[in-house]
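Structure assessment
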Amino acid sequence: QVQLVESGGGLVEPGGSLRLSCAASGGTVSLYGMAWFRQAPGKEREFVAGISWRGGITYYADSVKGRFTISRDNAKNTVYLQMNSLKAEDAAVYYCAAEKLTTAQAMGHMTPGSGSWGQGTQVTVSS
């Protein structure tokens with residue numbers, strides 16, 4: 001399984017933007033479906049966005065559709081999450097996840113016990 005390291009989190013005002021990065025190592029990332037999840041205090045981890053291992057097909061949670069964009073650069077073994085028009089309710093720890101040969105939609109069904117997960121990066125949305 002690949003190892004994942006997230007970066008790019010921080011403090012941003014409502015309406016602002018952030019770009020998260022997830023660097024993968026120890027495997028050929030082009031063979032992996034990739035996704036972003038998030039977990040706010042006192043809430044369960046929830047799916048945010050996924051991208052298929054092949055074809056670049058993407059899938060989003062309704063809460064972020066039109067505001068967030070997931071993309072991948074296989075040459076850099078990196079996946080990104082561009083977050084625009086951030087809201088207070090987007091504040092959470094964001095986790096990157098990978099599962100071999102998996103579609104974007106199927107990534108939404110990943111559980112913490114499957115695939116590979118990063119350690120998370122904190123996103124705070126506050127004025």
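Preceding this section is the structure that the text describes.
Residues numbered from 1 in each chain as written. Predicted model: local features only at pLDDT ≥ 70, side-chain atom pairs only at ≥ 80, totals over all residues. Heavy atoms only, no water.

1. Looking at the environment of valine 93
Rules: Only runs of H or I of at least four residues qualify as helices and only runs of E of at least two qualify as strands under DSSP, and these elements are numbered from the N terminus. Exposure classes here rest on a 1.4 Å probe applied to the protein chains alone. A residue is buried below 20% of its type maximum, exposed above 50%, and partly exposed in between.
By the element assignment, valine 93 lies in strand 9 (residues 92-100). With relative accessibility at 22%, the residue valine 93 sits in the partly exposed group. Considering only alpha carbons, one finds valine 93 and arginine 72, 21 residues apart in sequence, at a separation of 20 Å.

2. So, the nonpolar core
Going by this rule: Here, nonpolar core refers to any group of buried Ala, Val, Leu, Ile, Met, Phe, Trp, Tyr and Cys residues whose side-chain atoms link them within 4.5 Å. In what follows, a contact means two residues having at least one pair of non-hydrogen atoms within 4.5 Å.
By size, the foremost hydrophobic cluster in this structure holds 29 residues, and its most contacted members are Met34, Trp36, Leu81, Met83 and Tyr94. Looking at this core, the elements that each hand over two or more residues are strand 3 (18-25), strand 4 (32-39), strand 5 (46-51), strand 7 (68-73), strand 8 (78-83), strand 9 and strand 11 (121-125). Those residues in contact with leucine 81, other than ones at most four positions away along the chain, are Leu18, Arg19, Leu20, Trp36, Val48, Ala49, Phe68, Thr69, Ile70 and Tyr94. Listed in part, the 8 residues of the second largest apolar core include Phe37, Phe47, Tyr95 and Met107.

3. Some points on the environment of glycine 8
As for its position among the elements, glycine 8 is in the loop between strand 1 (3-7) and strand 2 (10-12). Distance in space between the C-alpha atoms of glycine 8 and leucine 81 is 9.5 Å, their sequence separation being 73 residues. In contact with glycine 8, other than residues within four places in its own chain, are Leu18, Arg19, Leu20 and Thr121.

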